[in-house]
Each structure stands twice: as structure tokens, then as C-alpha cells.
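Coordinates in review
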Amino acid sequence: MKHSNIILYFGLLTTLFSRGFGETEEEVLINGYYIGWNDSEANRNIYTKFYVLI
């Protein structure tokens, strides 16, 4: 049981820390549009940001 807990904790830590280390870039276009990409420019997206105020 002790070994399975260690494996579970290691797997959880690996999952938590393996995300978000890639290079993320964003550029502002016109009229509130943005172009952004993760890791390489081949993964580009055009989007708008909109915020919900409560």
C-alpha cells in the first residue's frame, strides 16, 4: 500500500506540473481581436476577450 501511494503522488505531481511550461505568445490586432499561439506559430488562433462582470 505504501508503494501505491508513492506512485499515486508522483503521478499527481507530474500531471499538475507538466502543464503550462510551453511558450505562449499573444499579439493585439484591431478592434479588440487578438492572435495567440502556444509552443509554435503553427498553432495560431484569432480570438476576442470578453469579460463577464457580476
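One structure accompanies this document, and this report is about it.

1. Describing the pairing of strand 1 (residues 24–28)
- Bridge count between strand 1 and strand 2 (residues 33–38): 5 bridges; the pairing is antiparallel. By the bridge assignment, Thr24 is partnered in strand 2 with Asn38.

2. A closer look at the sheet that holds strand 1
- One open sheet holds the 3 strands; their spatial order is 1-2-3, and the pairing between them is antiparallel. With partners counted over all chains shown, the strands left at the sheet margins are strand 1 and strand 3 (45–48), one partner each. When strand polarity is set aside, the average angle formed by the axes of neighbouring strands in this sheet is 30°.

3. Focus on the packing of aromatic side chains
- Under the definition given, this model contains 1 aromatic pair.
- Here the aromatic rings of Tyr34 and Tyr47 are separated by 5.9 Å at their centres, their planes lie at 15°, and the arrangement is stacked. Here Tyr34 is found in strand 2, whereas its partner Tyr47 is found in strand 3, with 13 residues between them in sequence.
- Classification of Tyr34 as buried rests on a relative accessible area of 19%.

Cut-offs used in this document
- The numbering scheme is per chain: residues are counted from 1 as the chain's sequence reads.
- Only residues with pLDDT of 70 or above have their local features reported here, since the model is predicted, and side-chain atom pairs are shown and tallied only from 80 upward, although totals for entire chains, interfaces and linings are computed over all residues.
- Note that the side-chain values use all heavy atoms of the structure and ignore hydrogens as well as water.
- Two strands are said to pair when DSSP picks up at least two bridges between them.
- A helix here means a DSSP run of H or I that spans at least four residues, while a strand means a run of E at least two residues long, and both kinds are numbered starting from the N terminus.
- To define axes, lines are fitted to C-alpha atoms, for helices over the stretch in contact only, and angles between the resulting N-to-C directions are given on a 0 to 180 degree scale.
- Geometry of aromatic contacts follows a simple scheme: Phe, Tyr and Trp rings, the Trp one being its six-membered ring, pair when their centres are within 6.5 Å, and the pair is stacked under 30 degrees between planes, edge-to-face over 60, tilted otherwise.
- Partly exposed describes any residue whose relative accessible area lies between the buried limit of under 20% and the exposed limit of over 50%, with all areas from a 1.4 Å probe on protein chains only and scaled to the type maximum.

That's the geometry; what it means functionally is another story.
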